[in-house]
Amino acid sequence: MEKAFDNVSWNSLFYILKKNVFGDRWIKWISWCVTQAQFSILVLSMLMNDVVASNTLSGFQVVDEGTITSHQQFVDDTIVLLNASKAEVRILLIILMMFEVLTGLKLNLKKIAMTSIGADDLVQDLSLELGCKIDSLLITYL
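A.B. asks: Where do I start with a nonpolar patch on the surface in this structure?
C.D. replies: A cluster of nonpolar residues, Phe22, Trp26, Trp29, Trp32, Leu42 and Met46, forms a patch on the protein surface that exposes about 660 Å² of accessible area. Where the nonpolar patch is concerned, the elements lending two or more residues are α2 (24-35) and α3 (37-53). For the nonpolar patch, the element with the most residues is α2, which contributes 3 residues. Structurally, Met46 is set in helix α3. According to the relative accessible area criterion, Met46 is exposed, its value standing at 54%.

Following this line, the structure appears as C-alpha cells:
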C-alpha cells in the first residue's frame, strides 16, 4: 500500500490544530490514526467482518457449522478468501475502495494477485474484474 497523503506535513497540521484550540487528546488520537498500521488493519477487518456477518460475502468455512474466515492479515499483507464469483469480487472491490477512502491508503493493484483453489476455469475472468494479476500456489505433492 502506498499512502495517498505522503506529502502532508503532519507536524504542520498538528501545529495548526493546536493553534485552533483542538485538545491534546484529540490531536494525539488523530496522530495515532494516520501513523499507525494497526488503524488500517482494524478498518479492513471491520469492513470484512461486517460483510461476512451480513452474508454479503461468503468467506471460507472448513467444516459445516464451523468458523468462517474471510481474511488473514500479516503486518501489511492481506489474504482474502472468497467464492469464485463475479458478485463477490465486485463486493471485494467496493470494500477495498471504502478502505482507501477511510484510511487514506492507496491500493497498489500491481501487487495484488488472485490465486485459484479449485476454480482455475474462472480465475482469468475474475482477475480482470478486480484488475489484478493471476498467481498460483506452489504446492508439491509427494
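A.B. asks: I would appreciate a short explanation of the pattern of salt bridges in the present structure.
C.D. replies: Oppositely charged side chains may form a pair once their charged atoms are brought near each other. Counted according to the given criterion, the structure contains 2 salt bridges. One salt bridge connects Lys18 with Asp24, and the closest N-O pair in it is separated by 2.4 Å. According to the relative accessible area criterion, Asp24 is partly exposed, its value standing at 44%. Here Glu129 makes a salt bridge to Arg90, at a shortest N to O gap of 2.5 Å. Placement of Glu129 in helix α5 (residues 123-130) and of Arg90 in helix α4 (residues 86-103) is noted, with a sequence separation of 39 residues between them. On the basis of relative accessible area, Arg90 is assigned to the partly exposed category, the value being 44%.

A.B. asks: What should I look at first to understand the side chain of Ser45 in this one?
C.D. replies: With respect to the helices and strands, the residue Ser45 is situated in helix α3. According to the relative accessible area criterion, Ser45 is buried, its value standing at 18%. Not counting chain neighbours up to four residues away, the residues in contact with Ser45 comprise His71 and Gln73.

Criteria and cut-off values
- Residues numbered from 1 in each chain as written.
- Predicted model: local features only at pLDDT ≥ 70, side-chain atom pairs only at ≥ 80, totals over all residues.
- Heavy atoms only, no water.
- Patch = residues over 30% accessible without salt bridge, like charges linked within 9 Å, V, L, I, M, F, W, Y side chains within 5 Å.
- Areas by Shrake-Rupley, 256 points an atom, 1.4 Å probe, with all protein chains shown as cover.
- Salt bridge = Lys/Arg side-chain N within 4 Å of Asp/Glu carboxyl O.
- Helix = DSSP H or I, 4+ residues; strand = E, 2+ residues; numbered from the N terminus.
- Buried < 20%, exposed > 50% of the residue type's maximum accessible area, 1.4 Å probe, protein only.
- Contact = heavy atoms within 4.5 Å.

From the geometry alone we can't say anything about function, so treat these as descriptive.
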